[in-house]
Amino acid sequence: MSRTAWACALGAILLWALFATLVRLAGDAPPLLLTGVALCCGGLASVHRWREWRVPAAILGFGVASLFLYHASLVAAFRLAPIAEANLLNYLWPLLIVVLAPRVAPLRPRQLAGCVISFAGGALVIAPSALTVTHFAGYALAVLAAFTWAVYSLVPARLPAYSSWATGGFCLGAGLLALGAHVLFETPYRPSATELAGMAAIGIGPLGLSFVLWDRAMRTGRAATIGSLSYLTPVLSTLALAVTGAVAAGGWWRLGPALLLVVAGVRLSR
């Protein structure tokens, strides 16, 4: 896989790993409001390339619908089910990329084995409890989010070529949909300056530039390998939270072994 694909994939993963930490700066903002403002900021972050947002209507609809459905499903899952468990199910999307990747490129047994090892590393950090019937709806929405992101990651390789900067238009459209959903379904809320700054940071990084990098990585790299590499996200996310004091001391012992499993899995899948 090319160095460009590796660099773009790692850049997106590092930005996503900061998402949970940056959300803490957004205070008590309702989820759909936070998602809407962040996605709109993510779109505006690439407004200087607005000419490259021009894509066929079908591609625009696919991009906007995918980003909105992914974030809306995940937000709803976090409300209906315990966040840790829902988050783990959301991180099934790299494994789903590997399972669906044969539609785009042949899958080798060692790539599947590498993804299983990497998944074990991510699961070691999150350490969820068993599934329960009570929270089934939330878990189902988390799986829907995972499937949505896997499809969104793979389908562009089969579409007519378009600029990776077009994701800025996808973000803006999805953000406007989320703001509309906020008006319809959430209690009106006036965020503070600090909360707005946190939302803007989320939008520019984890929900903005990361999409451009991810799109470029998926176009130029091997989907199965990138899917395995993405298991670094929950590990690095937990590490960022630990550094900022959001993780209990007892959670530190899992970070080292988890990182080793992820790195070993990624190397095996190359």
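Residues numbered from 1 in each chain as written. Predicted model: local features only at pLDDT ≥ 70, side-chain atom pairs only at ≥ 80, totals over all residues. Heavy atoms only, no water.

Under an unreviewed UniProt entry, the name given to the protein is DMT family transporter, and the organism recorded is Telluria mixta.

For the rest of this paragraph, the subject is the overall build of the protein. Scanning the protein from N- to C-terminus turns up 13 helices and 0 strands. Moving toward the C terminus, one meets the helices and strands of the protein in the order α-α-α-α-α-α-α-α-α-α-α-α-α. Among the 270 residues that make up the protein, the fraction classed as buried is 48%. Just so you have it, the protein exposes about 12,300 Å², and 71% of that area is on carbon and sulfur atoms. (Helix = DSSP H or I, 4+ residues; strand = E, 2+ residues; numbered from the N terminus. Buried < 20%, exposed > 50% of the residue type's maximum accessible area, 1.4 Å probe, protein only. Areas by Shrake-Rupley, 256 points an atom, 1.4 Å probe, with all protein chains shown as cover.)

A few words on the packing of helix H6 (residues 93-100) against helix H8 (residues 136-154). Interhelical geometry of H6 versus H8 gives an angle of 50° and a closest axis separation of 8 Å. By the angle between their directions, the pair H6 and H8 is classed as oblique. The element H6 and its partner H8 pack so that their crossing is right-handed. In this structure, H6 uses Trp93, Leu96, Ile97 and Leu100 to contact H8, whose residues at the interface are Ala146, Phe147, Trp149, Ala150, Val151, Ser153 and Leu154. Counted by class, the contact of H6 with H8 contains 10 nonpolar, 1 polar and no charged residues. (Axes fitted to C-alpha atoms, helices over the stretch in contact; angles between N-to-C directions. Parallel < 35°, antiparallel > 145°, perpendicular 65-115°, else oblique. Left-handed = near helix turned anticlockwise from the far one by under 90°. Contact = heavy atoms within 4.5 Å. Nonpolar A, V, L, I, M, F, W, Y, C, P; charged D, E, K, R; others polar.)

With that settled, the discussion passes to the packing of aromatic side chains. In this description, an aromatic ring pair is defined by two values, namely the gap between the centres and the angle between the planes. A complete count under the given rule lists 10 aromatic pairs for this structure. An angle of 85° between the planes, with centres 5.9 Å apart, marks the rings of Trp16 and Trp93 as edge-to-face. A residue pair is termed long-range when its members are at least 10 positions apart, and Trp16 in helix H1 (residues 3-17) and Trp93 in helix H6 qualify at 77 residues. Owing to a relative accessible area of 12%, Trp16 belongs among the buried residues under this scheme. Ring geometry for Trp149 against Tyr152: centres 5.0 Å apart, planes inclined by 40°, an arrangement best described as tilted. Of this pair, Trp149 and Tyr152 both sit in helix H8, separated by 3 residues, roughly a single helical turn. For Tyr152, a relative accessible area of 4% translates into the label buried. Of the aromatic side chains, those joined through ring pairs into one cluster are Trp16, Phe62, Tyr70, Trp93, Trp149, Tyr152, Phe211 and Trp214. Sitting over the ring of Tyr162, Arg219 keeps its end group 4.1 Å from the ring centre. (Phe/Tyr/Trp six-rings, centres within 6.5 Å; stacked < 30°, edge-to-face > 60°. Lys NZ or Arg CZ within 6 Å of the ring centre and 35° of its normal.)

Right, let's get into the environment of Ala223. Looking at the secondary structure, you find Ala223 in helix H11 (residues 223-229). Its relative accessible area of 11% is what places Ala223 among the buried residues. Expressed as a C-alpha distance, the spacing of Ala223 and Leu154, which sit 69 residues apart in the sequence, is 7.5 Å. If near-sequence neighbours (up to four positions away) are discounted, Ala223 is found in contact with Ile97, Ala101, Leu154 and Met218.

Let us now look at the packing of helix H3 (residues 31-44) against helix H4 (residues 57-80). In contact at an axis separation of 10 Å, H3 and H4 are set at 150° when each is read in the N-to-C sense. The angle between the axes of H3 and H4 places the two elements in the roughly antiparallel class. The crossing of H3 and H4 is right-handed. Residues Pro31, Thr35 and Leu39 of H3 touch H4, and the partners they reach there are His71, Val75 and Arg79. A breakdown of the residues in the contact of H3 with H4 according to their chemical character gives 3 nonpolar, 2 polar and 1 charged.

Taken together, the side chains of Leu44, Val47 and Trp50 define a hydrophobic patch exposed on the protein surface, amounting to about 280 Å² of accessible area. Topologically, Leu44 is positioned in helix H3. (Patch = residues over 30% accessible without salt bridge, like charges linked within 9 Å, V, L, I, M, F, W, Y side chains within 5 Å. Salt bridge = Lys/Arg side-chain N within 4 Å of Asp/Glu carboxyl O.)

Attention shifts here to the pattern of salt bridges. Within this structure, the stated rule accounts for 2 salt bridges. Taking the shortest distance from any N to any O, the salt bridge between Arg49 and Glu52 comes out at 2.6 Å. In this structure, Arg219 engages Asp215 in a salt bridge whose closest nitrogen and oxygen atoms are separated by 2.7 Å. Of this pair, Arg219 and Asp215 both sit in helix H10 (residues 193-220), 4 residues apart, which is roughly one turn of that helix. Classification of Arg219 as partly exposed rests on a relative accessible area of 28%. Since its relative accessible area comes to 6%, Asp215 is described here as buried.

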